[in-house]
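Next come the chains, spelled out residue by residue.
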Amino acid sequence: MDNMGNKAFLNPFSINRAEHLGADLYRYFAGDNILGGLLSSKSLVLQGGRGSGKTMFFMYHAYESKKRQHMDSSTKGSRILEEEKILGIYFKAEPDLVTGFRKKGQEAEWWLDVFGHYFNVTICEAMCHIAADLKESKLTSFTDEAKICSSISRNFGFDGTGITTFKQFAENLEADEDEVLLYINNIDRQPKPFLSQPSRAMRRFATMLVNSIGIEGLVFHVFVDEFENLEFYQQQLINSLIKNPDRCIVFDVGVRKRGFKTYTTLAENEQISAWNDFRPFDLEEEISNGYSNFIQEICAKRLRTMPELSDYEEGDERLRIDSFLGSFDIKKEVDLIVSDRKTIPYIKELEMRLAKIIDPDERQRLYEAIAKNDDPLINRLTLVLLSQRKKADQILSELEKYQGGLDSKYKEWLHNYGLGVVFLLCRDYRQRKRYFGYDTFLQLSSGIPRYFIQLCFYAFEYASKDDNFAFGTDNKISIQVQDKAAYHLSVSKVDEIDTYPPVGHKLKRLVLILGRIFEQLHKRSSVSEPEINHFYIDFDAVSESAKEVLNSGLMWAVFQSRPLTKIKSKEQTRGLEYHLNHIYAPYFEISYRRKRRLDISIAEFNKLVDGNEADASAVAQKLGKVKLGGLMDLLQFEDMQAYQIDLWSSDESKQNL
Amino acid sequence: MKVSRTYDAQSLAPSFYQSIDIFIFGTVTDEERNRRLVALWGGKSLPTSYHLDYDLETEEYSLIAAPLGSVPNDDSVRSAKLDITANMRNQLNSLGVQGKNVLVDITGISQPAIFYMLKLLYEDIHPAHLFVAYTEPFRYRAKSLPSSEDVFELTERFIGLRALPGFVRKPAEGKKSVVALLIGFEGKRAKYVCDTLEIESDDIRVVLGFPGFRPGWQYLAFGGNQSLFEQFQAHRFVWSAAANDPFEAYSALYDIRSNQIKSKINSELILAPVGTKPHSLGAAIFALHNTSDTRLVYDFPVKARRFRSEGYGITWIYNLSWLMKETDVKNSSK
């Protein structure tokens, strides 16, 4: 209940992180058909930006989650050892922890021993917990528990005779872990702790446990998440573990794009390589074919947690997120754009274009054809075609065919220029572009499920506040609310870019300038190249500073790269094109579709990244093909306060009604 | 004995300055307020004075003797650089800090260096009296490049969350993580911490600097954090503590932790001082007093050297002498 006594709205999308889904996380896991079978005897390198689902995947496959998933309600015991061949251990490379193993007057080589020991201790401790739990749950007996503990504990310098149970062993390892941290916090006065040999103990421990359990093919998987946070030498250590696979323990990695600082191992002249040593899987790329189904599954699982929807069977239409959001409808959007203005703002421009038609008869007929047409999209498209200097007789003949319901080039033109024309109508009518519909949300989320979940969170939240939406009674989210959600998330995503280390401030500058350029290109009257929202640059040739910014942009999913689709010149024989993440589209009022590309020269790009005020704004002006103002204008961040004010005063405004 | 905790430096008798044996100051930015305390000091005494500089990237510091009112040149600072964890304890010992009256002006010193020095002075090297000074800004300069919702140009770039020298802790296993954000004008810093630590909305507590250094500044802080409040619904759990008072910040943290204990939720408290320096001071002392269930984290912003504050406001002197010996400040007298 809120302070007005109203029942609080339960939002099924309020949680957007795997870590917050609690012990029953497995209930929310989707994509078994896409992601099943990824874990094997070969290491997995799961790549993807923030929110792409890496943590969800690993946490779902961790022991605790799997144990709960396979709980048998009749026996009250878990069937994990009957159902699974993998015992998963989740290790997150916390940035404020792993970076503690550096500097302090020591070199990386020295730190390798300390961190290697710490990692060894942590993983063995996790194995102890799993073994102890399996025993306590009576899933296996571990008759040789004392022998295993005694044997492995000697690797850590313990007197093995006193440690006879996994619990005792775990307690000792935990004390060891604390000792290491105490040491690195007080390196000048604490004695150096006993350091175990990295990897040896955990491999032996895994082998002994698997043999004792006695299930053929059982294997421990260690999921090293947020690999990009690890120091160079720490990555080398994990790479070495990947390079040397073991029957009983496999190391998998979750990493952001460009998150590998090195592919080398600890051995001289040795590297790990994709497919030979690990299976690469790019979540953003590889799920793109089945992305819509994946999203539907994620959303249905969440919607079903609502008490009002919990009785619906899996696959029920009422659990489909697309039925709540509907589809993008260009006609509806055009109607909304033109609805509150009777005069046609582009009429003068149209008259001017018509006046240029030499043949008076042709001019008159085209004028009449336009006048009797009440579809603003078609009329505005006709003006675009005239601006493109297409022949008046061709336009006239195709328009007449179109109006007569016959096959016409207008269908093709609408397909090519339709959405581009909507951007022009928004400009003409001084309206903001609206972003709504399931397919739009899907594309705005750019292959990142968390973005889709966040879009839905705001959409349902606003629906509850603005439209009194309630599950069970309502089944549609209004266009206004969807658009508000999309815009809001977009603004907040743009705003946070400068917190993305290490070059967030440069990244934000680049995004703001590129966004403004694309925005201007969407407003060009001729729409000769509609919906330009990505760019090509020869990565290898740009400055080191620009490379760092691009790499960082990819790591934070500010940009998404794709192989070049259309070669425009001899120089473009290879390389990638870079898409501004579509989640930024509502902020800049640009297209969220993969359509046209802007080619940027090396010198221009370097100036956009690092150039002084005059250079950067001159390049922006050249690329945007209009006067864009100085750098100050380009970097003007729209004030969120004015937009958000209604969020904070919505209750008052409702009362006034 | 009841003693005051906070003094206006301008109103202190010359005997206070005369009692100081060792004075430590910094000039991480070239703001005018970094020199204010020395101006107030005048010629009242000539303590042994040291300039402290810290490099956020390399974790190296320099602590160089510098006569009151002078700043060592860049070359001397560079050539005196040492790793902070490996060397500062020995250096403070060799300077004879133990048993002396020490005044540290934190206005121009980077937070990680303040935190580490406090840790040493709390755990190991005990001065007879420890005072900390902080000079408020008169005003902050508005941003020259308006590329975000922030109002002021305070940070040039972020290194990001990483280990704080002397405060490396593992996340508590099996415990709920509750974060206490001591917020300032830069909302994105608090949001970044929550995003990176993956804190649940219900587990965010906010300490807002109210009253602010100047009338109305609390609104700027609130506005600057609006997207944080909204995204995480964090406006439900806001504590206020005067922006210039480390003790009030400490008390707020104490309350937050007490509430956690009362609610019987097994939790660790993550302290994220992303606001004023006096609040950072309170957070660091709280972390030192509660090592078993708190974690101090920091986002390592690289300060904008040229575009920060203009002029100076009040210079405060905080008496930390008794605080550094106690473990529970809540019931101690003002």
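Since we're looking at a predicted model, the values are computed, not measured.

**Student:** It is not clear to me how the overall build of chain A should be interpreted in this structure. Could you clarify?
**Tutor:** If you tally the helices and strands in chain A, you get 29 helices and eleven strands. Relative to its 657 residues, chain A shows a buried fraction of 47%. When contacts within chain A are restricted to residue pairs at least 6 apart in sequence, long-range pairs at least 24 apart make up 74% of them.

**Student:** Would you mind showing me how to read the domain arrangement of chain A here?
**Tutor:** Interfaces are often sized by the accessible area lost when the parts come together. Residue and element names in this part refer to chain A. In terms of domains, chain A is made up of domain 1 (38–286), domain 2 (342–428) and domain 3 (500–657). Of the residues lining the interface, twelve residues belong to domain 2; the matching set on domain 3 comes to ten residues. Of all the secondary structure elements, the ones that give two or more residues to the side of domain 2 that touches domain 3 are helix 17 (376–387) and helix 19 (409–428). Here the side of domain 2 that touches domain 3 gets nine residues from one element, more than from any other, and that element is helix 19.

**Student:** How do you make sense of the interface of chain A and chain B when you look at a structure like this?
**Tutor:** Taken together, the contact between chain A and chain B spans 40 residues of the former and 38 residues of the latter. For the side of chain A that touches chain B, the secondary structure elements donating two or more residues are helix 5 (95–98), helix 8 (166–185), helix 22 (479–495), helix 23 (504–522) and helix 29 (640–656) of chain A. Ranked by residue count, the leading element in the side of chain A that touches chain B is helix 23 of chain A, at five residues. Residues belonging to the side of chain A that touches chain B are distributed by class as follows: 14 nonpolar, twelve polar and 14 charged.

**Student:** Teacher, can you tell me more about the domain arrangement of chain B here?
**Tutor:** All names here are of chain B. The domain architecture assigned to chain B consists of domain 1 (6–138 + 311–325) and domain 2 (155–303). Between the C-alpha centres of domain 1 and domain 2 there is a distance of 24 Å. Taken together, the elements giving at least two residues each to the side of domain 1 that touches domain 2 come down to helix 4 (84–94), helix 5 (111–123), strand 7 (129–135) and strand 17 (315–319). Among the elements that take part in the side of domain 1 that touches domain 2, helix 5 stands out by supplying eight residues, more than any other. Here the side of domain 1 that touches domain 2 is built from residues that sort into 16 nonpolar, five polar and four charged.

**Student:** Honestly, unusual backbone geometry in this entry has me stumped. Any pointers?
**Tutor:** Generally, phi is negative for residues other than glycine and the peptide bonds are trans, each holding for most cases. Here A:Pro501 and A:Pro502 are connected by a cis peptide whose omega angle stands at 5°. Note that A:Pro502 resides in the loop between helix 22 and helix 23. The residue after B:Phe210, namely B:Pro211, is reached through a cis peptide bond having omega -5°. With respect to the element layout, B:Pro211 can be found in the loop between strand 11 (204–209) and helix 7 (217–224). The phi torsion at B:Glu198 lies on the positive side, around 55°, for a residue other than glycine. Structurally, B:Glu198 can be placed in the loop between helix 6 (187–197) and strand 11. Here the phi dihedral of B:Phe300 falls at roughly 50°; this positive angle occurs in a residue that is not glycine.

**Student:** What should I look at first to understand the sheet that holds strand 14 (residues 294–296) of chain B in this one?
**Tutor:** Two orientations exist for strands paired in a sheet by backbone hydrogen bonds: parallel and antiparallel. Residues and elements named next belong to chain B. The strand order across the open sheet formed by five strands is 12-11-10-13-14, and the pairing between neighbours is parallel. Edge positions in the sheet fall to strand 12 (238–241) and strand 14, since each of these pairs with one other strand and no more. Averaged over neighbouring strand pairs, the angle between their axes works out to 20° when direction is ignored. As paired elements, strand 13 (residues 267–273) and strand 14 share three bridges and run parallel to each other. Each residue of the ladder has a partner; that of Ile270, found in strand 14, is Arg295. Helix-sheet contacts for helix 10 (residues 277–289) involve strand 10 (176–183), strand 11, strand 12, strand 13 and strand 14, and the interaxial angle to strand 13 is about 150°.

**Student:** Help me out: how do you make sense of the nonpolar core in this one?
**Tutor:** Most often, soluble globular proteins keep nonpolar side chains buried together rather than apart. Counting 255 residues, the largest nonpolar core has A:Ile89, A:Met127, A:Leu455, B:Val179, B:Leu181, B:Val193 and B:Ala272 as the members making the most contacts within it. Counting residues per element, this core draws most heavily on helix 6 (residues 108–136) of chain A, at 14 residues. The contact partners of A:Leu455, leaving out residues within four places of it in the chain, are A:Phe441, A:Leu444, A:Ser445, A:Ala485, A:Ala486 and A:Leu489. In terms of nonpolar packing, the next biggest core, distinct from the first, is built from 26 residues, A:Val334, A:Ile378, A:Leu381 and A:Leu386 among them.

**Student:** When you look at helix 6 of chain B in this model, what are you seeing that I'm missing?
**Tutor:** Since the α-helix advances by 3.6 residues per turn, residues separated by three or four positions end up pointing in the same direction. All names here are of chain B. Within helix 6, eleven of the eleven residues are buried, which leaves it mostly tucked inside the rest of the structure. For helix 6, the complete set of buried residues consists of Gly187, Lys188, Arg189, Ala190, Lys191, Tyr192, Val193, Cys194, Asp195, Thr196 and Leu197. Two residues or fewer after helix 6 comes Glu198, characterised by a positive phi angle close to 55°.

**Student:** What is the right way to look at the pairing of strand 4 (residues 60–65) of chain B in this model?
**Tutor:** Here is the key point about a regular strand: its side chains alternate between the two faces of the sheet. All names here are of chain B. Of the pairings in the sheet, the one linking strand 3 (residues 48–55) to strand 4 comprises six bridges and is antiparallel in character. Residue Leu52 lies in a different strand from strand 4, and its bridge partner there is Leu63. Linking strand 3 back to strand 4 in an antiparallel pair, the connection comprises four residues, with Glu59 at a positive phi of about 60°. Bridging between strand 4 and strand 5 (residues 82–83) involves two bridges; their strand directions are antiparallel. Residue Tyr61 lies in a different strand from strand 5, and its bridge partner there is Leu82.

**Student:** How should I be thinking about the environment of A:Phe423 in this particular structure?
**Tutor:** All names here are of chain A. Of note, Phe423 is situated in helix 19. On the neighbour-count criterion, Phe423 (21 C-beta atoms within 10 Å) is buried. When the C-alpha atoms of Phe423 and Arg524 are compared, they prove to be 9.3 Å apart, with 101 residues separating the residues in sequence. The residues touching Phe423, leaving out its near neighbours within four places in the chain, are Lys433, His522 and Lys523.

**Student:** Hey, could you run me through the packing of helix 15 (residues 347–355) of chain A against helix 17 of chain A in this one?
**Tutor:** Geometry of a packed helix pair, given as the angle between the helix axes and the separation of the axes. Residues and elements named next belong to chain A. Following both chains from N to C, one finds helix 15 and helix 17 inclined at 45°, their axes separated by 10 Å at the closest point. Our classification of the angle between helix 15 and helix 17 gives oblique. As for the relative orientation of helix 15 and helix 17, their crossing is left-handed in sense. Between helix 15 and helix 17, the contacting residues are Glu349, Leu350 and Arg353 on the first element and Leu383, Leu386 and Ser387 on the second. When grouped by side-chain class, the residues that make up the contact of helix 15 with helix 17 number three nonpolar, one polar and two charged.

**Student:** How should I be thinking about the sheet that holds strand 7 of chain B in this particular structure?
**Tutor:** The eight strands are arranged 1-17-7-6-2-3-4-5 (chain B) in an open sheet whose pairing can be described as mixed. Either end of the sheet is taken by a strand with one partner, and the two such strands are strand 1 (6–8) and strand 5 of chain B.

**Student:** Explain the pairing of strand 17 of chain B here, please?
**Tutor:** Residues and elements named next belong to chain B. Among the five residues that make up strand 17, four are buried, leaving the element largely enclosed by the rest of the structure. Note that strand 7 and strand 17 share five bridges and pair antiparallel. Each bridged residue has a counterpart across the sheet, and for Tyr134 the counterpart in strand 17 is Trp316.

**Student:** How do you make sense of the confidence of the model for chain B when you look at a structure like this?
**Tutor:** Detailed conclusions should not be drawn from predicted coordinates in areas where pLDDT is low. Confidence in the prediction of chain B, expressed as mean pLDDT, is 88, and 90% of residues score 70 or more. Predicted complex metrics record ipTM = 0.91 and pTM = 0.89.

What counts, and at which threshold
- Residues numbered from 1 in each chain as written.
- Chains lettered and ligands numbered in written order.
- Predicted model: local features only at pLDDT ≥ 70, side-chain atom pairs only at ≥ 80, totals over all residues.
- Helix = DSSP H or I, 4+ residues; strand = E, 2+ residues; numbered from the N terminus.
- Buried ≥ 20, exposed ≤ 12 C-beta atoms within 10 Å, placed from the backbone.
- Contact = placed C-beta atoms within 7 Å.
- Domains from an automatic or database assignment.
- Nonpolar A, V, L, I, M, F, W, Y, C, P; charged D, E, K, R; others polar.
- Pairing = 2+ DSSP bridges.
- Axes fitted to C-alpha atoms, helices over the stretch in contact; angles between N-to-C directions.
- Core = buried A, V, L, I, M, F, W, Y, C linked by C-beta atoms within 7 Å.
- Parallel < 35°, antiparallel > 145°, perpendicular 65-115°, else oblique.
- Left-handed = near helix turned anticlockwise from the far one by under 90°.
- pLDDT = per-residue confidence, 0-100.

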